[in-house]
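Summary of the model geometry
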Amino acid sequence: MSYLVHRVHSAPSGLSKVLALNWALIVLIIAVAAIGILMLYSVAGGSFEPWAAAQAKRFAVGFVLMLIVGFIPLFFWRNIAGLVYTIALFLLIGVEFFGDTGMGAQRWIDLGFLRLQPSELMKIALVMVLAAYYDWIEQPKVSRPVWVLVPLLLIAVPMLLVLKQPDLGTALLLGLGGTTMMFLAGVSWLYFAAAGISLGGLITAVILSRGTTWQILKDYQYRRIDTFLDPASDPLGAGYHITQSKIALGSGGWDGRGFMQGTQSRLNFLPEKQTDFIFTTLAEELGFVGGVSLLLLYVLIVLFCVVSGFGNRDRFGALLTLGIATTFFLFFAVNMSMVMGMAPVVGVPLPLVSYGGTAMLVLLIGFGLVQSAHIHRPR
Amino acid sequence: MSLRNRENGKRDDRLTRRGLILFGGQAAFAGVLGLRLRYLQVNQADQFRLLAEENRINIQLLPPARGLIFDRNGVPIAENSQNYRVVIVREQAGDVKAVLDALSGIIPIGEQQRAALLQQITRHPAFVPVTIAEHLSWEQVAAVSANAPALPGIAAQVGLSRHYPLGRDFAHIAGYVGPVSDYDLSRIDDQDPLLQIPKFQIGKNGVEKKIERSLRGFSGTRRIEVNAVGRVMREIDRKEGHPGANVRLTVDQHLQNYLLARLDGTSASAAVMDIRNGELRAIGSAPGFDPNKFVRGISVADYSELTENPFRPLANKSVQGTYPPGSTFKMMVALAALKAGLITTDEKITCPGHYDLGDQRFHCWKRGGHGRIDLHNSLKQSCDVYYYELAQRVGIERISAMARQFGLGMRHDLPLNGIAAGLMPTKAWKNEVIGEPWRIGDTLNAAIGQGFVLASPIQLAIMAARLASGRAVVPKLLKSIDGVETSVAPAPPLDISQDALDAVRAGMFAVSNERGGTAYSKRIAAKEMRLAGKTGTSQVRRITKAERARGVIRNEDLPWERRDHALFVAYAPFDAPRFAVSVIIEHGGGGSRFAAPVARDILLEALYDGAPPPEAYPASQRTRIRNERHKLDLRSPPGDTT
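All values derive from a computational prediction rather than experimental measurement.

Here we look at the confidence of the model for chain A
Chain-level pLDDT for chain A is 84 on average; 86% of the residues reach the 70-or-more range. A low-confidence stretch, residues 1-5 of chain A stays under pLDDT 50, and its non-local contacts, those more than four residues away or across chains, total six contacts.

Describing the environment of A195(A)
All names here are of chain A. Along the chain, A195 falls in helix α8 (residues 189-209). On the neighbour-count criterion, A195 (16 C-beta atoms within 10 Å) is partly exposed. Once the C-alpha coordinates of A195 and T179 are considered, the two residues, 16 residues apart in sequence, prove to be 9.8 Å apart.

Thoughts on unusual backbone geometry
All names here are of chain B. Here the amide bond leading from A286 into P287 is cis, since omega sits at -5°, within 30 degrees of zero. Here A572 and P573 are connected by a cis peptide whose omega angle stands at -10°. Tracing the backbone shows P573 in the loop between β20 (565-572) and β21 (579-585). In the Ramachandran plot, S382 falls in the positive-phi region, its phi being about 55° despite a non-glycine side chain. Here S382 shows up in the loop between α16 (375-380) and α17 (384-394). Given 29 C-beta atoms within a 10 Å radius, S382 is considered buried.

Quick notes on the environment of V187(A)
With respect to the helices and strands, the residue V187(A) is situated in the loop between α7 (168-185) and α8. Through-space distance from the C-alpha of V187(A) to that of R144(A) is 8.6 Å; in sequence the pair is 43 residues apart.

Quick notes on the sheet that holds strand β11 (residues 268-274) of chain B
Residues and elements named next belong to chain B. With respect to topology, five strands assemble into an open sheet ordered β12-β11-β21-β20-β19, the strand pairing being antiparallel. With partners counted over all chains shown, the strands left at the sheet margins are β12 (280-286) and β19 (532-538), one partner each. Between one strand and the next, the sheet's axes are offset by a mean angle of 5°, whatever the strand orientation. Two elements, β11 and β12, share six bridges in a ladder whose sense is antiparallel. Opposite V272, over in β12, you have A282 as the bridge partner.

Observations regarding the pairing of β11(B)
Residue and element names in this part refer to chain B. Of all seven residues in β11, seven are buried; the element is thus mostly enclosed. Neither face of β11 is open: one carries A268, A270, V272 and D274, the other S269, A271 and M273, and all of them are buried. Hairpin geometry of β11 and β12 is characterised by an intervening segment of five residues between the two adjacent antiparallel strands and by a positive phi of about 80° at G278. Relative to β21, β11 runs antiparallel, the two sharing seven bridges. Bridge pairing links S269 to I584 in β21.

Conventions used here
- Residues numbered from 1 in each chain as written.
- Chains lettered and ligands numbered in written order.
- Predicted model: local features only at pLDDT ≥ 70, side-chain atom pairs only at ≥ 80, totals over all residues.
- pLDDT = per-residue confidence, 0-100.
- Contact = placed C-beta atoms within 7 Å.
- Helix = DSSP H or I, 4+ residues; strand = E, 2+ residues; numbered from the N terminus.
- Buried ≥ 20, exposed ≤ 12 C-beta atoms within 10 Å, placed from the backbone.
- Pairing = 2+ DSSP bridges.
- Axes fitted to C-alpha atoms, helices over the stretch in contact; angles between N-to-C directions.

Below you can see the structure in the form of structure tokens.
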């Protein structure tokens, strides 16, 4: 087995790995997760049931998982990246056939003990496989058309599968995450220029296809775009989410109404208050100060990843770390834009805070990979 | 994909460069997010605070007062009575249990009820009033109010609830209201938000149901400000709705009351119609029931008592019940034959007491037969054989067609439930529904209103009205809605010659005014009020050959459900017809003996608009009738109540 012959120079081993962990990152992650659990406690009207307790358990499990993933040597992850991607891809195809339908979209495979969302798993798998790919090919080949086509396919196939579920938010995240990896790897600017132009074409096609037989998106997705552009047009219908969300946010003011004092979320004016829209509760109750603090914590998490990535002389480790940092960034950037009325409602959770199992586990596994890259970086 | 091992330590500068660009962009976007948050939460905070307040403004519906139902003279049939109830507000009561104990001295509260109440009180927020008892008497409410200091948190309130002051008399006509159910909502296509109010009362039966939309009215709204826990802080504004339309029926409550009192103790039905305009002056089905029980939520015991009663009090027999019309159908056969020219008024037919068709023998009610008999006497004495012969000549198709002209075999449009069409059979009908060919025997049975022929009491009253007027009078139950008279088109004349009508009318007149007529003893003595009518006795069982040989068993010796139905149709006064009446007493026995006196008494009550003078009756009957009238359970006239 090839990966067994890999030689590690001067990387810590045994218990010394604990000291080599990126502790700053761990503290930040715990802080954000704690805020999330507190908000779930508040949203439930001051009760650990039904969300906060479950979320805390999941975080505990995910946290342990993160440490385990972190302690496993990085070359192992590099060598199984292709396998992980293949499994995730098969699971994605699997939901097409065996998935449970939730909220009108096929997103889960019920494994009995866990409702697995392969699309979440794919977010990490895609970053892994692309990092491994660009680690593997010769540097000068990066911009050659054939070598650009391979990662494009690696991105496009899962993206289309997710789009078909349909899950616009995840597809967007996969596309942006994958493109970012290509950008980091040094693919020529010209490709990105070309992609930008064709994206413009695609958007035109999406708009023009509306109402025809080859309509690209589902009706509700079109309506969400409509209401994003003009939420006031239908304040009690499809625009309800955005309008109510902005009202809750805005009414928080500078320092908020106080923990557990939010009226908008408590009186059930807000939809999906424990999942995608939890930021509105936080911002209403803790105000601008609270909202910006969370934003700052997120930025710090990304920053510590970036610092770790830049300081890593292993190409796979660096790409992996930066890729996961970007994925994390996309999570909170899209979610916050959405609740603040800057983007259409696309169903992306607030990372580490929103109620939800798979997203939390997958993110923590991602941070486990970052830790692995950090611990096993060449010195 | 196979992965090659590679030495660590080779990294290009491009990664760092691009990374800086990318994360610079990300940092910038995070800054934009922060600015957006600041814009929403700091710059626009006031505006959004206001919008959040608006989220706390509730819109409440103000249910309109339901329209009232009156009789033709404005006596209330359905009204909104004050419903006194006692409520408790937990936050003002303090010790809820002690207060309930004190209250139970005035209003009895059962052990179970008390437990349920306590549960309800704790479940609601402290400021929400919880109803303890409803439909209280004025004395109870007064006692509660007088003891107010000892009963903290207890308040007497008054609401509106539907009340039917005339109770039984209008149970089938006015119907009743009840709380809207999921079943109702699934069946009616009505977007009215009022229907979403829990326990909102809607019409469930009769006029209340059929003109629900007019009676209900339109809701008003009021906007109230609630705080975060839902407590009402203040009323912001209010828009009044429209109360429901008041409705006036054509029915006269006194006549209706008399009719039901007269039918009391029987399973029967009667209808009185104004011949000139079709207005139904009374339409009753006995026994009745108290609709007020349904409004308050009828108990299981009361309900099963109603459903298990063999007299079927819940059924509105006047329009829902269909019966073989018996001899009252003979006018239709006679008119069909006259119109077809298959008989003249002079032609005589011999009645030997039976009529043979092949090996089948059809009997006349009179065993010895009527001898040679003409149209006039065939009606007067109700000879069956005469009509067997007539029916044989004209055939069922023409008989049924004639009957339909007189309103039989069709559904009449009235605001009542389950109106039956009855049945005027044809050959095609029997082929299709029963799957057998029509036989001549069927025609003979139909000739005397037996067999397949079925009619409801309202249809027979319409038939009598049309016979009297020669016009297609249409029944009418709603006199006015919201003060607007419901219009009636003048009734078109029937397609029948005056001579034929006159001949049949004369026969009907003879029934009750010529010696030997089947209802002569039940005549009206007052000359200007004399009635024309026709008796009917319809069999509900088959009389076997053996029984006929032994002698037909008398009705009195049969169990109730096997006795004959007693029928009578009539109109009066003969010279200037005003009212038509039909009476059916289920399993009552002979029509002349049991139905005819009821019909006469009801007609007289209608003609004299109250108790008729003794001179209206034959001299020999006056004392008995006066005594019987005193025994009737009549309601004292409105205004007389003490």
